Amino acid sequence: MRSIHPSEHRVSEIYKLMTGLIVPRPVALVSTVDQDGVPNVAPFSFFSGVGSNPPTVLFCPALRSNDGSRPDDRKDTLRNVEQTREFVVNIVSSAIADASNLAAAEVGPEVDEFQLAGLTPVPSEVVRAPRVAESPAQFECKLLEIVFTGKGSGAGVIVLGEIVCIHVARELEDHFRIDPEKLDAVGRMAGNTWVHTRERFDLIRPK
C-alpha cells in the first residue's frame, strides 16, 4: 500500500485522490441571491447533513485562484451567503443532472445561472433565495457559521446552515419516509463521472 503525505504533493494531486476516494458524493445544487437580489445557482459535491437537532447541512465552496476577473478568491455562492446569510440546497435528481452540470460553468457574477442551465426559480417561503422548481426536494437554510480551513486556491470553506423549511414532492414522501426510487438522486465520482443511486441493497443494523 502506498503512503502519501499531502504536504509533499501539489494541491491538485491531493484533490484528485480525495475526489476519487470520497465517493459517491451527493450533490447540493445551491441557490442564493446577492445583496442586490441577483440570483445564482451552482452545484457542490462536498455536501452532507450534519445533525437533526437543529436540522443542519453543510456544503463546501472551496476557494479558487483569482485571475483578476473577480473581486476575490470567493465563489459567487460563498459571497452571496456571506452577504445575505441565507441559501437553498436543492437535491439533484437524474432528471436535472445535466442542468446542474451546466450551472457549474465558470461565468461572471452578472450571469444568471438559472437561465444558463434552463432551470426555473420559484420563491421560497422563509429565505430570499429562490428554489429550483425542477428539484424534487429543497432545504431552505439560514447561515449558522462559515469556517475557513486554509488560505489560497483549493482551501476549504465549510458553510453550515440550519434548515428552516423543507419542500418535498408529494409522490416522494410518506409519513416522513422518502422513496429512493422516486427521488432518483445522483452523485459525483472523480473527474467528469457521475453516478446513479438505482442499484441498492439493504443491511440490517445490529442491535
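Residues numbered from 1 in each chain as written. Predicted model: local features only at pLDDT ≥ 70, side-chain atom pairs only at ≥ 80, totals over all residues. Heavy atoms only, no water.

**Re the sheet that holds strand 10 (residues 157–168)**
1) Next: Reading across from one edge, 3-2-6-9-10-5-4 is the order of the seven strands in this open sheet, with antiparallel pairing throughout. With one partner strand each, in any of the chains shown, strand 3 (39–44) and strand 4 (47–52) form the two edges of the open sheet. Across the sheet, the mean angle from the axis of one strand to that of its neighbour is 30°, orientation sign disregarded. (Pairing = 2+ DSSP bridges. Helix = DSSP H or I, 4+ residues; strand = E, 2+ residues; numbered from the N terminus. Axes fitted to C-alpha atoms, helices over the stretch in contact; angles between N-to-C directions.)

**Focus: unusual backbone geometry**
1) Next: Residue Pro24 follows Val23 across a cis peptide bond; omega there is -15°.
2) Next: Of the consecutive residues Asn53 and Pro54, the connecting peptide bond is found in the cis state with omega at 0°.
3) Next: By secondary structure assignment, the location of Pro54 is in the loop between strand 4 and strand 5 (55–59).
4) Next: For Phe176, which is not glycine, the phi torsion reads 75° and is therefore positive.
5) Next: Relative to the helices and strands, Phe176 is located in the loop between strand 11 (173–174) and strand 12 (177–178).
6) Next: At Asp184, a position not held by glycine, the phi torsion is positive, near 55°.
7) Next: Examined against the element boundaries, Asp184 turns out to sit in the loop between helix 5 (180–183) and strand 13 (186–188).
8) Next: Since its relative accessible area comes to 17%, Asp184 is described here as buried. (Buried < 20%, exposed > 50% of the residue type's maximum accessible area, 1.4 Å probe, protein only.)

**Describing helix 2 (residues 76–84)**
1) Next: With seven of nine residues buried, helix 2 lies mostly within the body of the structure.
2) Next: If you check which residues of helix 2 are buried, you get Asp76, Thr77, Leu78, Arg79, Asn80, Val81 and Thr84.
3) Next: Trailing helix 2 by a residue or two, Arg85 shows a phi angle of about 60°, which is positive.

**Quick word on the pattern of salt bridges**
1) Next: Evaluated as defined, the whole model comprises six salt bridges.
2) Next: Here Glu82 and Arg74 are joined by a salt bridge, their closest N and O atoms 2.8 Å apart.
3) Next: Among the salt bridges present, the one from Glu86 reaches Lys142, with a minimum N-O distance of 2.7 Å. Taken together, the positions of Glu86 in strand 6 (residues 86–91) and Lys142 in strand 9 (residues 137–148) put the pair 56 residues apart, joining distant regions of the chain. (Salt bridge = Lys/Arg side-chain N within 4 Å of Asp/Glu carboxyl O.)

**Examining the sheet that holds strand 14 (residues 194–196)**
1) Next: The antiparallel open sheet is built from three strands, whose spatial order is 1-13-14. Edge positions in the sheet fall to strand 1 (25–26) and strand 14, since each has one partner strand and no second.
2) Next: Examined bridge by bridge, strand 1 and strand 13 share two bridges and lie antiparallel to one another. Each residue of the ladder has a partner; that of Arg25, found in strand 13, is Arg188.

**Concerning the state of the cysteines**
1) Next: Counted under the stated rule, the structure contains zero disulfides.
2) Next: As a non-bridged cysteine, Cys165 has Cys141 as the owner of its nearest cysteine sulfur, 10 Å distant. (Disulfide = S-S within 2.5 Å.)

**As for the pairing of strand 9**
A regular strand places its side chains so that they alternate between the two faces of the sheet.
1) Next: Bridging between strand 6 and strand 9 involves five bridges; their strand directions are antiparallel. From the neighbouring strand, Asn90 faces strand 9, where its bridge partner is Gln138.
2) Next: Looking at chain direction, strand 9 and strand 10 are connected through 11 bridges and run antiparallel. Its bridge partner being in strand 10, Cys141 is matched across the sheet by Ile163.

**Remarks on the side chain of Glu140**
1) Next: Mapped onto the secondary structure, Glu140 falls in strand 9.
2) Next: Separated by 2.7 Å, the side chain of Glu140 and the backbone nitrogen of Val126 make a polar contact.
3) Next: At 2.6 Å, the side chain of Glu140 forms a polar contact with the side chain of His167.
4) Next: Excluding residues that lie within four positions of it along the chain, Glu140 makes contacts with Phe87, Val88, Ser124, Glu125, Val126, Val127, Arg131, Glu162, Ile163, Val164, Cys165 and His167. (Polar contact = N/O pair within 3.5 Å; in protein donor to acceptor, adjacent residues only side chain to side chain. Contact = heavy atoms within 4.5 Å.)

**Topic: the pairing of strand 2 (residues 28–33)**
1) Next: When you tally the buried positions in strand 2, you get six out of six residues, the bulk of the element.
2) Next: Going residue by residue along strand 2, you find Ala28, Val30 and Thr32 tucked away on one face and Leu29, Ser31 and Val33 tucked away on the opposite face as well.
3) Next: Pairing analysis gives six bridges linking strand 2 to strand 3, with the strands arranged antiparallel. Paired with Val33 across the bridge in strand 3 is Pro39.
4) Next: The turn joining strand 2 and strand 3, which pair antiparallel and follow one another in sequence, is formed by five residues; a positive phi near 90° is taken by Gly37.
5) Next: Pairing analysis gives four bridges linking strand 2 to strand 6, with the strands arranged antiparallel.

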